[in-house]
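Here is what each chain is made of, one letter per residue.
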Amino acid sequence: MRVNDGRPIIGTMDDIAPMVRWLLTVAVLVVLIVAVGGITRLTESGLSITQWKPLTGAIPPITDAQWQAEFAGYKRIPQYLDVNGPAGMTLAQYKFIYFWEWLHRLLGRVIGLAFAVPLAWFWYKRTIPGGYKPRLLALLALGALQGVVGWWMVSSGLSAEALDRVSHFRLAAHLLVALFTLGGLVWTALDLKAMERGEPRARLTRVGLIALGMLAIQLFMGAMVAGLRAGVVAGGGWFSWDAWPLMQGTFFPEGVEWARGALHALVNDPYLTHFVHRWWAWAVVAVLIVMGRKLKARHERLVSVAVHAAFGTQVLLGIFTVWSGVTLWLAVAHQLCGALLVAATVWGAHALGRRT
């Protein structure tokens, strides 16, 4: 550590390396919570906890009376009244969905602590490089916002007038805030790594901006598909062309509700959202191939391979998810790979924007 007038100056590997490891560890936790969030959604667990208790909620029910009280709260919402109640849900079944939502929220708390506590330590030790404090505070604020958006999403399914699920718009906001945070963590870690090598911060190039923007649209449409439960509208059956690339035997799906206009249908009709999600993916693939070629030209072969592997795996998982009729483990893998694709694309955009 170098010192000037009694104040530390960042500039050595020992200063920066722990911060890089910290940010990448938190990024891994964000990828994990995205996967658990997928399980929570697919098992219809998201509405099982009907109160938001940021501190005491970390402790699950222990006694039978506590479980009965939680179950009684769940019995008052539309998901139970319209779906699970008539289906004869038992307390044991309720405990299963409660577990996934509780785990999802617990991971959120762990991520908050995993970011805030080291940040406070680095701040106290004055080892944060100049210009990085605002960015790190912004990432901390995004984490707090994610908790608020998560409850805002859950609350959309709790009122008596709600459907048996959360708002698909709020679900999309919840997912996109998480993935935006993931991108910020990865980009900041890579900037610090560049500083460690004596390089300036990366800039966002045109190709990087286009790739990230198009990927953001695709992720938004994927969230629409998930929230509207539109993954099954194309049909199913392994290697069935009628389910993919066709939708129930036709290229453009029948049954799209156009009465309220094309824009309304785009974000509310399950057939149209599914159709756009599956075909916009190829536009994203095209721009990522361009990114990969530019990365290879700059001798960033490892980054190029990561980008290609991520989008190739993601496309295959999407197709397999449709063919399987949205089998849980495939759908979760598709969501997990989506998060990894975000990280890989950010890595690629950063590599293209490095000034050596």
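To start, this report covers the structure provided alongside it. Just so you know, these numbers come straight off a predicted model, no measurement behind them. (Residues numbered from 1 in each chain as written. Predicted model: local features only at pLDDT ≥ 70, side-chain atom pairs only at ≥ 80, totals over all residues. Heavy atoms only, no water.)

1. Some points on the pattern of salt bridges
Selection criterion: Salt bridges are defined by distance alone: a side-chain nitrogen of Lys or Arg within 4 Å of a carboxyl oxygen of Asp or Glu. Helix and strand definitions follow DSSP, with helices as H or I runs of at least four residues and strands as E runs of at least two, each counted in order from the N terminus. Each residue is placed in one exposure class: buried if its accessible area under a 1.4 Å probe, protein chains only, is under 20% of its type's maximum, exposed if it is over 50%, and partly exposed if it falls in between.
Overall, the coordinates contain seven salt bridges when judged by the stated rule. Residue E300 pairs with R354 through a salt bridge whose shortest N-O separation is 2.3 Å. Note that E300 is positioned in the loop between helix 9 (270-297) and helix 10 (301-323) and R354 in the segment after helix 11 (328-352), a separation of 54 residues in sequence. R354 carries the same exposure label as E300, and that label is buried.

2. Some points on helix 6 (residues 168-196)
Rules: A helix's residues, less one, multiplied by 1.5 Å, set its expected span. Polar contact is defined as a pair of N or O atoms within 3.5 Å, subject to the rule that within protein one atom must be able to donate a hydrogen and the other to accept it, and that residues adjacent in sequence are counted only when both atoms are side-chain atoms.
The end-to-end C-alpha distance of helix 6, which contains 29 residues, comes to 42 Å, matching closely the 42 Å that a straight helix rising 1.5 Å per residue would cover. Where burial is concerned, most of helix 6 is hidden: 22 out of the 29 residues are buried. Taking the backbone nitrogen of F169 as reference, a side-chain oxygen 3.2 Å away marks S167 as the first, capping residue of helix 6. In the segment just after helix 6, G198 is the residue with positive phi, at about 85°.

3. Details of unusual backbone geometry
Geometrically, the link from W244 to P245 is a cis peptide bond, its omega value of 10° lying close to zero. Considering the arrangement of structural elements, one finds P245 in the loop between helix 7 (206-227) and helix 8 (262-268). Not every positive phi belongs to a glycine, and Q248 is a case in point at roughly 50°. Relative to the helices and strands, Q248 resides in the loop between helix 7 and helix 8. Its identity is not glycine, yet V326 carries a phi of approximately 65°, on the positive side. You can see V326 is positioned in the loop between helix 10 and helix 11. For V326, a relative accessible area of 24% puts it in the partly exposed group.

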